[in-house]
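# Residue-level structural notes
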Amino acid sequence: MGIRVTILGSGTCVPSLKRSTSSFLLQIRDNLLLFDLGAGAMRRLLEAGFGISQVSHIFLSHLHPDHTGELVSLLFATKYPQTYRRRTPFQIVGSRGLHNFYDGLRTVYKEWIELEPGLMNLIEMDNGGRDQLATDDFSVDTLPMSHIESSIGYRITGADGTTVAYSGDTDYCENAVALARDADLFICESALPDAMKVEGHLTPSLAGRIAAEAGVKRLLLTHFYPECESVDVEAQCRNTYNGPLIVAHDLMVVDV
Ligand SMILES: [Zn+2]
Ligand SMILES: [Zn+2]
């Protein structure tokens with residue numbers, strides 16, 4: 001029981017051999033949930049011991065290319081070659097605009113990424129307020145985050161009550177605190193060092209502030225631009241948060 005987290009990528013759009021684009025897996029019973037897929041996600045998935053047809057759900061935190069860019073490649077690889085063609089249905093979850101986004105991709109790639117009817121289901125969550133989705137094995141709560149219009153954060157609760165929250169990309173906001181409230185694990189972006197704060201992203205101490213205000217049981221920092229490599233991310237986070245803390249690296253496994 002519980003939820004197993006595998007970090008596929010702890011980086012950003014900046015190409016890096018050490019940190020692939022921001023992406024991770026949750027294993028809940030027989031479900032394999034993939035969160036975000038930018039460049040390199042499918043390769044990291046293989047390195048973690050999984051194939052793309054094992055993924056039951058794909059969750060997109062927002063539509064920036066470092067979180068969605070490999071969707072086209074995944075759909076193409078889901079269809080071709082015929083011998084590998086996927087036959088079990090899967091879900092892609094994102095915020096309002098997901099259908100438009102997919103239609104845009106289809107305008108460019110046409111039948112190369114069109115799957116047989118019923119194989120792929122697109123599910124749009126409200127990016128104007130709280131929304132919820134339930135399955136037999138877990139439930140999903142979403143809230144809009146402070147980054148771009150399509151940004152939502154996810155809160156996944158397993159049947160045994162284990163909770164993992166994921167900020168996606170965001171700035172400090174009340175919704176991020178609400179999303180992470182009392183979570184067993186809060187996976188939070190920490191894009192740039194404290195001294196390099198930009199609008200729409202967090203720093204280690206701001207991520208820590210959200211975690212402290214939300215009372216999370218464990219905090220996992222991820223989505224590191226290269227500038228983070230030359231500072232002590234953990235020490236900066238400790239300015240605001242004194243609970244259990246994990247600094248992500250690619251292919252890290254965390255049991256919740
Ligand atoms: Zn982004
Ligand atoms: Zn990002």
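Summarised in this report is the structure supplied together with it. (Residues numbered from 1 in each chain as written. Chains lettered and ligands numbered in written order. Predicted model: local features only at pLDDT ≥ 70, side-chain atom pairs only at ≥ 80, totals over all residues. Heavy atoms only, no water.)

## Considerations on the packing of helix α3 (residues 71-79) against helix α4 (residues 98-109)
In helix packing, the relevant descriptors are the interaxial angle and the interaxial distance, both defined with respect to the helix axes. Spelled out, the test is: Angles run from 0 to 180 degrees between N-to-C directions of axes, and those axes are lines fitted to C-alpha atoms, restricted for helices to the stretch in contact. Secondary structure follows DSSP: runs of H or I at least 4 residues long count as helices, runs of E at least 2 residues long count as strands, and numbering of each begins at the N terminus. We call two directions roughly parallel when the angle between them is under 35 degrees, roughly antiparallel when it is over 145, roughly perpendicular when it lies between 65 and 115, and oblique otherwise. The handedness criterion is simple: a crossing whose near helix is rotated anticlockwise from the far helix by less than a right angle is left-handed, and one whose near helix is rotated clockwise is right-handed. By definition in these notes, contact holds between two residues if any of their heavy atoms fall within 4.5 Å. Under this grouping Gly is polar, as are all residues other than the nonpolar Ala, Val, Leu, Ile, Met, Phe, Trp, Tyr, Cys and Pro and the charged Asp, Glu, Lys and Arg.
Across the interface, α3 lies against α4 with an axial gap of 11 Å and an inter-helix angle of 65°. With respect to α4, the axis of α3 lies roughly perpendicular. The crossing of α3 and α4 is right-handed. Side by side, α3 and α4 meet where Leu-71, Val-72 and Leu-75 of the first sit next to Phe-101, Tyr-102, Leu-105 and Tyr-109 of the second. Counted by class, the contact of α3 with α4 contains seven nonpolar, no polar and no charged residues.

## Some points on α3
Selection rule: The buried label goes to any residue with under 20% of its type's maximum accessible area, the exposed label to any with over 50%, and the partly exposed label to all in between, with areas taken from a 1.4 Å probe on protein chains only. Note that the arc is computed from the directions linking the helix axis to the C-beta atoms.
Among the residues of α3, those classed as buried are Leu-71, Val-72, Leu-74, Leu-75, Thr-78 and Lys-79. Projected down its long axis, α3 shows its buried positions confined to an angular sector of 165°, all on one face. Against α1 (41-47), β4 (57-59), α2 (65-68), β5 (90-95), α4 and β6 (120-125) lie the buried residues of α3.

## Some thoughts on the sheet that holds strand β8 (residues 138-144)
Pairing between the strands of a sheet comes from backbone hydrogen bonds, and it takes one of two forms, parallel or antiparallel. In plain terms, the rule: Strands pair, by our definition, only if DSSP identifies at least two bridges between them.
Read across the sheet, seven strands follow the order β7-β8-β9-β10-β11-β12-β13 without closing on themselves; strand pairing throughout is mixed. Every other strand in the sheet has two partners, leaving β7 (131-134) and β13 (245-247) as the edge strands with one partner each. In this sheet, adjacent strand axes meet at a mean angle of 15° when their direction is disregarded. As judged from the four bridges shared by strand β11 (residues 185-189) and strand β12 (residues 219-222), these two strands associate in the parallel manner. What sits directly across from Cys-188, in β12, is Leu-221.

## A look at the nonpolar core
We apply this condition: Put simply, buried Ala, Val, Leu, Ile, Met, Phe, Trp, Tyr and Cys residues joined by side-chain atoms within 4.5 Å make one nonpolar core.
With 52 residues, the main nonpolar core has Leu-26, Phe-35, Tyr-154, Ile-156, Phe-186, Leu-219 and Leu-220 as its most contacted residues. Examining the composition of this core, we find that five residues originate from one element, helix α6 (residues 204-214), more than from any other.

## A look at the coordination of the zinc ion (ligand 1)
Put simply, the test is: Donor atoms (N, O, S) are those found within 2.8 Å of the metal centre, with the cutoff raised to 3.2 Å for Na, K and Ca; water is not part of the atom list, so apparent gaps in a site can occur. Donor angles set the geometry label: tetrahedral for four donors if every angle is between 85 and 135 degrees, square planar for four and octahedral for six if opposite donors exceed 155 degrees and the others are between 65 and 115, irregular for anything else.
For the zinc ion (ligand 1), the full set of protein donor atoms is His-62 (NE2), His-64 (ND1), His-147 (NE2) and Asp-169 (OD), and the range of their distances to it is 2.1 to 2.3 Å. For the zinc ion (ligand 1), the four donor atoms in the first shell make angles of 91 to 169° at the metal, so the coordination geometry reads as irregular. Separating the zinc ion (ligand 1) from the zinc ion (ligand 2) is a distance of 3.4 Å, and Asp-169 supplies a donor atom to each of them. Pair noted here: His-62 is in the loop between β4 and α2 and His-147 is in the loop between β8 and β9 (152-158), with a separation of 85 residues, a long-range link.

## Focus on the pattern of salt bridges
Heads up, the rule is: Throughout this description, the term salt bridge denotes a Lys or Arg side-chain nitrogen within 4 Å of a carboxyl oxygen of Asp or Glu.
Going through the model one piece at a time under the given rule, you end up with 13 salt bridges. Notably, a salt bridge pairs Glu-229 with Lys-18, separated by 2.8 Å at the nearest N-O pair. Here Lys-18 lies in the loop between β1 (4-9) and β2 (23-28) and Glu-229 lies in the loop between β12 and α7 (233-237), a separation of 211 residues in the sequence. Two residues, Asp-103 and Arg-106, come together in a salt bridge whose shortest N-O distance is 2.9 Å. Taken together, the residues Asp-103 and Arg-106, both in helix α4 and three residues apart, mark about one turn of the helix. Classification of Asp-103 as partly exposed rests on a relative accessible area of 33%. Relative accessible area serves as the criterion here: at 31%, Arg-106 is assigned to the partly exposed category. Taken together, the shared-partner salt bridges connect Lys-18, Arg-19 and Glu-229 into one network.

## Concerning the sheet that holds strand β3 (residues 31-35)
Strand order in the open sheet formed by seven strands is β6-β5-β4-β3-β2-β1-β14, and the pairing between neighbours is mixed. Edge positions in the sheet fall to β6 and β14 (253-255), since each has one partner strand and no second. Within the sheet, the average angular offset between the axes of one strand and its neighbour, ignoring direction, is 20°. Bridge count for β3 against β4 is three bridges, and the pairing is parallel. Within the sheet, the bridge partner assigned to Phe-35 lies in β4 and is Phe-59. Docked against the sheet, α3 engages β4, β5 and β6, running at close to 165° with respect to β5.

## Quick notes on the coordination of the zinc ion (ligand 2)
Four donors placed tetrahedrally around a metal ideally meet at 109.5 degrees, and six donors placed octahedrally ideally meet at 90 or 180 degrees. Every protein donor of the zinc ion (ligand 2) is listed here as Asp-66 (OD), His-67 (NE2), Asp-169 (OD) and His-223 (NE2), and their distances to the metal cover 2.1 to 2.6 Å. Because the angles between the four donor atoms bound to the zinc ion (ligand 2) fall within 88 to 156°, the donor set is best described as irregular. Sequence positions of the donors to the zinc ion (ligand 2) reduce to the motif D-H-x101-D-x53-H.

## Remarks on the side chain of His-147
To keep it simple, the criterion reads: Whenever a nitrogen or oxygen atom comes within 3.5 Å of another N or O atom, the pair is scored as a polar contact, on the condition that within protein one atom can donate a hydrogen and the other can accept it, and that pairs from neighbouring residues in sequence are kept only if both atoms are in side chains.
Polar side-chain contacts of His-147 include one of 3.1 Å to the side chain of His-64. Those residues in contact with His-147 that sit more than four places away from it in its chain are His-62, His-64, Asp-169, Thr-170, Gly-200 and His-201.

The values are spatial; any link to function lies outside them.
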